[in-house]
Amino acid sequence: MRQVVLVAGFAFLVGCNQLRSLRGADSGNKWRETQYERYRVDGLKALQKRDYRQAVRTYTEGAQEAQRAGDQLSRGRLLANLSAAYQLLFDNRAAIQSLLAARQTAEAAGDQATVQAVEANLANLYIQTGDTEAAGAAAVRGAAIRPAKQDAQVRVSVLMSFGRAVSKARGLAAAEPMLREALWAAADLGAPAMEAEVLELWGNEALEADELAKAEDLLARGWWKRKLAKDARMPQTEAKLGRLYRKLERYEFARFWMDRVLAAAAAGAKIAVPEWSLAAEQGHVYAAEGRLREALASYRGALQWARTWRSALPRSERLRAGAERRMLELFDGHIRTASRLYRQKPDGELSAEMFTVIQTTRAWSMEGTREGGAADTGLYERARRLEGQWLGGDAAAEGQLRVVRAAILEAESAKGKGETERSSRLEAPAPGEAILTYWLDDEGSWLWTWSEGGLRLTSLPGREQILREAEAFRNAVALNQPAMRERGDQLLRTLLGGLRQECLRAKRWEIVADEGLFQVPFAALPLGDGTYLAERMEVRLIPNALRQTSKTRASRRFLAVADPIFNAADERREQGGWRQGRVHASHFALELPRLPGTRREAEAGIRAWKDAGYDTALQLGAESSEEAVLSRFNDWQPGIIHIATHTATPSNDLARPRLALSIRPDGSPGLLAAGDIAALPLRADLVVMSACHSVGAESARGAGMLGLTRAWLTAGSQQVLATLWPVSDESTAFFKAFHGRLAAEERADSLPVAAALREAQLVCLRSGGAIAEPRYWAGHVVLARR
């Protein structure tokens, strides 16, 4: 099999070509002197031999010598090439750091050509980290630079990088002036192969933007240019043409181009597309033509190749946005094709195959769990400081914040150990346990139930109906509407289909949910006898049905964080001896009401766990600041964490909900985002988020849960108790029951969190009054690794 490793080709091209061509562009400067020429030549030779570590040593040595000589121009250019070597080693964090140093050095030297090339490389790296806005900003900065002398090939390359980044950040129309200029520059060179590169990039961006007529024109022109140039990369363009014609539903043309690509690959052609992606595209074409058996065979082969592809790459490459999107298309096509065949002729093996593929999808989407290894706390501290400044109205901090976020993501991607199938496996449910796995699709959804009786499959209505009913029931419970039971009864019938009786015989549900089902208060689903599901069984959500093969119990330490300081007027702020700093006006938009009742719920937890023999700690007021809480997490490594606070989503960053902690000494908000949490090296059995909407609304079709809950699991917690809607400040009764039961029933192998949650829900239900209403107790849910 041909293993194709994809690197950021643009970054390497710009870095190396820039240094090669600029030797002659800047006459009379030190770059042309022999002492730096040898580093350039030796580094390039090492790169050509794929000895990337030697290239790093060579460029580093040259940059250090240039620094000692006070030659900023040469140092900047060598640092730019150093970043390319790091990127080929998949060390994107070091690549970013080298580029930032190169940009600073080149700016000091007045070397605009190098500054522009650095911006191009940064744009490419930011795209890899998923920060398209930062990529677009780097591209706009770089495109505004007009070096006095610049090699024409380099000009084409940087414009392509800028066009690609701006297209992803601001849309194709905003990028087209850059791409058009790149095409004109390539035409002036009389280089049809380079024209083909521009046309293919432009066509691909049009394809991603669903501007299919434009994509067809551009990719066809690119193919002819490659033919004129006798370019060996023609199959790369043909693969895109195949995808285009599939989207245009012109399947005969799609199959024609894909057959050409696969024939070239079989003949040994080097194609910059992973083999699994080609096989998946072939499967998509077969499926669209109704050739389901052939499509399924293609998908099966693609999945096998995809496993090998992922295992051979560092996480920084596995998590590239483009590859992950194509991977989800592969899973989606595989399951949909198998389900169509199953509807034609039910088959137990096909059902099991679909079930296994879904678990693999969910497991891969959860990759990110690190096993030990402290995070670079300096980067996170800097990011939180910049975020506070930005949220407080300091526009200049935004650009710096995006740079640091990208560096953090690359650092964790490069360093982290993903949970793989080698550390977990499918294991039969325990007696009385049923694993419910959902897959929602517009053509019709499915439910698999795995219990002592084996694996059973039933069809469900389409995705839209299920999500509509789920939202209606959730709202009815949260608002205590009269129609709550009626809507719950309807949703239960919809969600269980033909397996209702079998599912309700279980004593425990483990639910592998999909999309909006994470928001369903399952405990409040009404049964036919007037009771609720919580009165019948335990319920928890799990990311996938794979069971971890080894677990290490955490420390016997309980930490509670409660009653933070949310505004500058809080008298406790002065008691803490904090400096009264300037508070930006926009901070007041984030000021939140105090939660004095959270102290009582935290103290109830302290008492329960102290009686169970745990060491306990309670952090209130000024002690619930980011620095104090994170320091306690890292140094004390609590086994159980209870955080009682607000969940805040600033209006200028809606994609990143946060946990609100005490404001900083300068008055800026203290917030923990999902990225900050995921970076923690936790070994916790349980994290309790007693905060409004802490489950979050983020989930992805086919990928599962996202947001704050996933972040705690990624950080190393085994289980998370979170909330679906606003919770009362006075939740003492609920959490007294929860922590009391959990502390009394703790076991050596695990914490029975789902059982304790059910007990707390029943205590509320049987107490009468307002707290007996489902809106009070059903909004608490457990999400856990199996």
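To keep things clear, this report deals only with the structure shown in the data block. Because the structure is a prediction, the values reported are computed rather than measured. For every chain, the first residue of the written sequence is number 1, and numbering continues from 1 onward in sequence order. With the structure being a predicted model, the display of local features is reserved for residues of pLDDT at least 70 and the display and counting of side-chain atom pairs for 80 or more, all residues being used for whole-chain, interface and lining totals. The basis for every side-chain value is the complete set of heavy atoms in the structure, and neither hydrogens nor water enter the calculation.

Digging into the environment of G605
Here G605 lies in helix α25 (residues 597–611). Take G605: its relative accessible area is 0%, and that puts it in the buried class. Here the alpha-carbon distance between G605 and L618, two residues 13 residues apart in the chain, equals 9.7 Å. By the criteria applied, helices consist of DSSP H or I runs no shorter than four residues and strands consist of E runs no shorter than two, each listed in order from the N terminus. Using a 1.4 Å probe on the protein chains alone, a residue whose accessible area is under 20% of its type maximum counts as buried, one over 50% counts as exposed, and one in between counts as partly exposed.

Some details on the packing of helix α3 (residues 52–68) against helix α4 (residues 72–88)
Working convention: axes come from line fits to C-alpha atoms, limited for helices to the stretch in contact. Angles between N-to-C directions cover 0 to 180 degrees. Taken N-terminus to C-terminus, the directions of α3 and α4 make an angle of 160°; their axes are 9 Å apart at the nearest point. The angle between α3 and α4 falls in the class roughly antiparallel. Pair α3 / α4 crosses with left-handed handedness. On α4, the residues that touch Y52, A55, V56, Y59, T60, G62, A63, A66 and Q67 of α3 are S74, R75, L78, L79, N81, L82, A85, Y86 and L88. Across the contact of α3 with α4, the residue classes tally to 12 nonpolar, 5 polar and 1 charged. Roughly parallel refers to an angle under 35 degrees, roughly antiparallel to one over 145, roughly perpendicular to one between 65 and 115, and oblique to any angle outside these ranges. Each helix crossing is assigned a hand: it is left-handed if the near helix lies turned anticlockwise from the far helix by less than a right angle, otherwise right-handed if that turn is clockwise. We call two residues in contact whenever any of their non-hydrogen atoms come within 4.5 Å of each other. Residues are grouped as follows: Ala, Val, Leu, Ile, Met, Phe, Trp, Tyr, Cys and Pro are nonpolar; Asp, Glu, Lys and Arg are charged; every other residue, Gly included, is polar.

Some thoughts on the pattern of salt bridges
Here, a salt bridge means any Lys or Arg side-chain nitrogen found within 4 Å of an Asp or Glu carboxyl oxygen. With the rule as written, the count across this model stands at 46 salt bridges. Salt-bridge contacts for E65 lead to R38; the nearest nitrogen and oxygen are separated by 3.7 Å. Of this pair, E65 sits in helix α3 while R38 sits in helix α2 (residues 34–48); the two residues are 27 residues apart in sequence, bridging distant segments of the chain. For E65, a relative accessible area of 18% puts it in the buried group. R38 gets classed as partly exposed once you look at its relative accessible area, which sits at 40%.

A look at the pairing of strand β4 (residues 454–460)
Pairing between two strands requires that DSSP report at least two bridges joining them. Alignment of strand β3 (residues 445–451) against β4, held across 7 bridges, turns out to be antiparallel. Bridge pairing in β4 places W450 opposite L455. Where β3 folds back onto β4 in an antiparallel hairpin, the turn is made up of 2 residues.

What to know about the nonpolar core
Across soluble globular proteins, you tend to see nonpolar side chains buried next to one another. Only buried residues count toward a nonpolar core, which is a set of Ala, Val, Leu, Ile, Met, Phe, Trp, Tyr and Cys residues joined through side-chain atoms within 4.5 Å. Core analysis: the biggest nonpolar cluster contains 99 residues, and W509, F522, F633, W712, F738 and W777 have the highest contact counts within it. Element by element, the count of residues in this core is highest for helix α30 (residues 753–767), at 7 residues. Excluding residues within four positions of it along the chain, W509 makes contact with A434, L436, L492, L496, C503, L504, F522, L533, M537, E538, V539 and R540. Of all hydrophobic cores here, the second largest spans 70 residues; its members include Y52, A66, Y126 and A206.

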